[in-house]
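A closer look at the structure
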Amino acid sequence: GGGGGMMVAPGPLRVVRCGGSSLSQSRAAFSADAKYLLCASGDYVKVYSTATEECLHVLQGHSNLVTGVQLNPQNHLQLYSWSLDGTIRLWDFLDGILIKTFVVGYKLFAFYAVPSFEGSAFVIVAKDNDERLGSFQLVSVKLPKTPGQEINVDERQLVLEGISESPKCTAFGREGEYVASVCGLHLFVYFFKKKRTHSFPLSAKCTKGANNFFTCVACHPKEDCIASGHKDGKIRLWRNFHHKREYTFSTLHWHHDEVMDLAFSVEGTSLLSGGVESVLVQWRDASRSKKEFLPRLGSTIQNISASPDGTLFCTSHSDNKITVIHSSLKVSAIIQGLVKGSDVKTGLMVDPRTNALVLNGKPGHLQFYSLQNDKQLYSLDIVQQEYIHQYGLNQVELVKAAFDSRGSWLATVEQREEKGGEPEVQMKIWAYDEQKQSFALNTRINMPHDDCVMALCFRGTEEADGAPATVVTAGKDGRFKVWMLLAENEEEGQSAGWTCDFVGSYHNYPATNCCFSEDGSLLAVSFEGIVTVWDAETWDLKCTFCHPPGTIQNLCFGRLSCSKYLLGTTSHGFLCCWNLLSCTLEWSAQLNVQVLQPDCLSENIAAISCLSEHSDCEYKGPFHICPRRLAAATQTYSPGKYFTSLEQKSTSDSPFKNRRWKVDRLKRILLFFPPVGICPQDVLGEKEKAALGEMRQTVGSSSLLNLWTFLEF
């Protein structure tokens, strides 16, 4: 929008991807010389150097999730990728050029290019192209060599039905003579020459902790041997399966939980296995006694790949990481993507020093992630304790973090919840170390509050006014505490550290939020449904705001020309703007805002709203608010006119019921409402209809489905 009111860009929001897609959802592939590692990442394919870990190319073209990559067995300088967009794409991955697109028209869950089947390939698709049915098929498709960039693939032939959609559950045997697929408690082997399928079932009975369900399969490259992984951690090696009844299998067992993936080395001399233990196991000559381990890889191993020249392996992990491993079982390189934890309790932050995105990473860590380069800069171990991967354990969690305005200080809060007892809480304050180019622990404070810490924030202007660095914590124990940096005292041998300077409270209500004004002169602290404003020099209580109803969920001071305003959101969905000069509520609207984020370069504040039947805002997503302009547009001024036609024509379910808007001069008011069942003709007068028609010509009718703009003449 333009000169007034709530400013909303007309039309749909443009979402810009900055990075962070998953690297570990499917097996990665090595180039023939093992210099490059190729992996699916969202709807991209990324090409990495195995020596430098740098991303060299991003192959773009798919319109949906890429489900895997594989070298072209007929030309090792080319790469196949396949996707849920129903296409197979052939790339020159060194130059980043798309050579050909094969349009299958079905969502592709897996793809296999087998050297002995030149001109054909195999794909796993959902039966009737509907994965909700839960039935998947292995299908042979012809890849014609006809000229042209885009080729339709029409010839399809069914090979196996009722299989798993996972690429790890189907593998092709020696020289493509047979294909093995596992699903549930069955191993299926289809022989291409005989055109016959053998099925090998296992017992469903779980005796002595056994769980025979299949999880993955791999075929020996030189011998007739099939390796299968199982839920209980066992590996079975199947032989003599050409005979339906005379087959044999032997068992290898080290993993205590399910085997996530299996891979044979290129020559078949060793079998690699991995799972939740974060340990890569190498079984030499398929022998129980000849096994070697590469432990402490950090997180669950999801996929394993081997390079064609036999020099490297790679494992992809649940923390969005790929580890490149030398054949001697030594880690050679680590490619770390954005870590997706179970819960981002710290929220999203920006490191002022590096402009990196900072948030919870692997358990107990903060990750610093460069969105410009789409790579992790480093991971800071906050908790500094070994994380135990066991469900149900109450472990120490990193729950809060905040930077000062220069990125010189970082405050973190970690806690462990005890069932029926008081939580263990610890605050740590970290100083940036220029030499190490990382943060070093400066002060550790055990139990900064008697209960959980609900919020923390730094005062932002200490370098300008000479005041000591200050951080405030708000606690569920009904207190907020002011922590200040004590200067270094060389005479007493005292290094710089942090100490509590002030403790404040308001009727012992739990303190839920805190924030400083732009100039650092005021501190706002919310106590449930009451907002208190304190002088940041004397810590005197200046004023309180206690309306409208609901617990305060967000607090944010206005900036620049809007610095006299304080904004807050409540659990009842209200967005409130208080005037700090008059100590009154300037305006409020029920917009169900979940997040308030001030723009550090302007007076705008981004507000992210959630859809709610009680909300005035039915626009899903962020919009920008200028507190001063919104106040001028909605506050009752004189002279001015009411939009009486809105009131007179209001219906019981109209969004305008019991609302009167008054504007002065030519102010624009943007009203949000559910469009269902409400027609402009039902609520607008003639002048407003004319204004709406004018707006329709200006911004297009599609923009007005969720947004009407009214102008006073």
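Read on for an overview of the structure.

Definitions and cut-offs
- Residues numbered from 1 in each chain as written.
- Predicted model: local features only at pLDDT ≥ 70, side-chain atom pairs only at ≥ 80, totals over all residues.
- Heavy atoms only, no water.
- Pairing = 2+ DSSP bridges.
- Helix = DSSP H or I, 4+ residues; strand = E, 2+ residues; numbered from the N terminus.
- Axes fitted to C-alpha atoms, helices over the stretch in contact; angles between N-to-C directions.
- Patch = residues over 30% accessible without salt bridge, like charges linked within 9 Å, V, L, I, M, F, W, Y side chains within 5 Å.
- Areas by Shrake-Rupley, 256 points an atom, 1.4 Å probe, with all protein chains shown as cover.
- Salt bridge = Lys/Arg side-chain N within 4 Å of Asp/Glu carboxyl O.
- Lys, Arg positive; Asp, Glu negative; His and termini not counted.
- Charge placed at Lys NZ, Arg CZ, Asp CG, Glu CD.
- Buried < 20%, exposed > 50% of the residue type's maximum accessible area, 1.4 Å probe, protein only.
- Phe/Tyr/Trp six-rings, centres within 6.5 Å; stacked < 30°, edge-to-face > 60°.
- Lys NZ or Arg CZ within 6 Å of the ring centre and 35° of its normal.

The next thing to look at is the sheet that holds strand 15 (residues 178–183). Here four strands make up an open sheet; going across it, the order is 14-15-16-17 and the pairing antiparallel. Unpaired on one side and paired on the other, strand 14 (170–172) and strand 17 (196–201) mark the two borders of the sheet. The mean angle between the axes of side-by-side strands here comes to 15°, regardless of whether they run parallel or antiparallel. Judged from the six bridges that link them, strand 15 and strand 16 (residues 186–191) form a sheet pairing that is antiparallel. Bridging from a neighbouring strand, Y178 pairs with F191 of strand 16.

A few words on a positive patch on the surface. A cluster of basic side chains, namely K194, R196, K244 and R245, defines a positive patch on the protein surface. Here R245 shows up in the loop between strand 20 (234–239) and strand 21 (248–253). Accessibility expressed as a relative area gives 82% for R245, which makes it exposed.

Tallied over the full model, the rule gives 34 aromatic pairs. Relative to F136, the ring of F109 has its centre 5.2 Å away and its plane inclined at 85°; by these criteria the two rings are edge-to-face. Note that F109 is positioned in the loop between strand 8 (97–103) and strand 9 (110–112) and F136 in strand 11 (residues 136–142), a separation of 27 residues in sequence. F136 sits in the buried class, given a relative accessible area of 5%. Within the aromatic cluster, the residues linked to one another by ring pairs are F480, F502, Y506, Y509, F527, W534 and W539. The residue whose ring lies beneath R353 is Y432, and the NZ or CZ to ring-centre distance is 4.0 Å.

The subject of this paragraph is the pattern of salt bridges. Summed over all chains, the structure comprises 22 salt bridges. In this structure, K107 and E131 form a salt bridge, with 3.0 Å as the shortest nitrogen-oxygen distance. Of the two residues, K107 is situated in the loop between strand 8 and strand 9 and E131 in the loop between strand 10 (120–126) and strand 11; the sequence distance between them amounts to 24 residues. According to the relative accessible area criterion, E131 is partly exposed, its value standing at 31%. With a shortest N-O distance of 3.2 Å, E518 and R559 are connected by a salt bridge. Highlighted residues: E518 in the loop between strand 42 (511–516) and strand 43 (522–527) and R559 in the loop between strand 46 (552–557) and strand 47 (565–570), separated in sequence by 41 residues. Given the relative accessible area of 33%, E518 is considered partly exposed. Members of the salt-bridge network, linked through shared partners, are R174, E177 and D224.

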